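The primary structure of each chain is shown beneath.
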Amino acid sequence: MKCQAVESFFVNFANKTKLDIILCLKEKPLSVNDLAKELNEEQSKISHNLKKLTECNILMVKQKGKQRIYSLNQQTVIPLLKLVEKHVQSYCRGKCKK
């Protein structure tokens, strides 16, 4: 695996807006307008970040009428988030601060 590809993948999780999108989609699939509303951000900013997340296959997109509905990659991202949650619960309680 190329180091640059790994770095590119994790950059998506280091960006606050992209991470907010990922965590929001953990709850349920949403459209760009729904995400913008949930995150209180401009639709154009959300769209720009969705494009990057989709290019890296962190997100999947389905067309529903005129809307594009975004969801997390079930095969890789959902298990990765579960592993991170397990790590945080086991090792970061009260230790990891912003």
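Residues numbered from 1 in each chain as written. Predicted model: local features only at pLDDT ≥ 70, side-chain atom pairs only at ≥ 80, totals over all residues. Heavy atoms only, no water.

Visitor: Go over the overall build of the protein chain with me, naming the residues and quoting the values.
Guide: Counting its regular elements, the protein chain contains 5 helices and 3 strands. Ordered by position in the sequence, the α and β elements of the protein chain form the string α-α-β-α-α-β-β-α. With respect to the three principal axes, the spread of C-alpha positions in the protein chain is 45 × 30 × 20 Å. Burial statistics for the protein chain: of 98 residues in total, 29% are counted as buried. The contacts of the protein chain with a sequence gap of at least 6 include a subset with a gap of at least 24, amounting to 47%. Within the structure as shown, the protein chain displays about 7500 Å² of accessible surface, and the carbon and sulfur contribution to it stands at 53%. (Helix = DSSP H or I, 4+ residues; strand = E, 2+ residues; numbered from the N terminus. Buried < 20%, exposed > 50% of the residue type's maximum accessible area, 1.4 Å probe, protein only. Contact = heavy atoms within 4.5 Å. Areas by Shrake-Rupley, 256 points an atom, 1.4 Å probe, with all protein chains shown as cover.)

Visitor: Can you break down the packing of aromatic side chains residue by residue, with the values?
Guide: This model, assessed by the stated rule, comprises 3 aromatic pairs. When the centroid spacing of 5.2 Å and the interplanar angle of 90° are considered together, the rings of F9 and F10 count as edge-to-face. Owing to a relative accessible area of 48%, F10 belongs among the partly exposed residues under this scheme. Seen from their ring centres, F9 and F13 are 5.2 Å apart, and the 45° between their planes marks the pair as tilted. You can see F9 and its partner F13 sitting in helix α1 (residues 3-14), 4 residues apart, about one turn around the helix. The rings of F9, F10 and F13 are connected pair by pair, giving a single aromatic cluster. (Phe/Tyr/Trp six-rings, centres within 6.5 Å; stacked < 30°, edge-to-face > 60°.)

Visitor: Just give me the short version of helix α3 (residues 32-39), but keep the residues and values in it.
Guide: All of the buried residues along α3 are V32, L35, A36 and L39. Burial along α3 is one-sided: seen end-on, the buried residues are contained in an arc of 100°. In α3, the exposed positions angled more than 90 degrees off the buried face are occupied by K37 and E38. Of the surrounding elements, those touching the buried residues of α3 are α2 (16-25), β1 (30-31), α4 (43-55) and β3 (67-72). Looking at the residues trailing α3, positive phi occurs at N40, about 55°. (Arc of directions from axis to C-beta.)

Visitor: Talk me through the nonpolar core; I want residue IDs and the actual numbers.
Guide: Ranked by size, the top nonpolar core spans 20 residues in total, and within it I21, L25, L35, I46, L50, L59 and L72 carry the most contacts. Breaking this core down by element, the ones donating at least two residues are α2, α3, α4, β3 and α5 (77-91). In this view, I21 contacts L35, L39, I46, N49, L50, L53 and L59; residues no more than four positions away in its chain are not counted. (Core = buried A, V, L, I, M, F, W, Y, C linked by side-chain atoms within 4.5 Å.)

Visitor: Account for the pairing of β3, naming residues and giving values.
Guide: Two elements, β1 and β3, share 2 bridges in a ladder whose sense is antiparallel. Residue pairing across strands places S31 opposite I69, the latter belonging to β3. Summarising the sheet, strand β2 (residues 59-64) and β3 pair through 6 bridges and their orientation is antiparallel. Each bridged residue has a counterpart across the sheet, and for V61 the counterpart in β3 is Y70. With antiparallel pairing between neighbouring strands as the criterion, β2 and β3 make up a hairpin whose turn holds 2 residues, including G65 at a positive phi of roughly 65°. (Pairing = 2+ DSSP bridges.)

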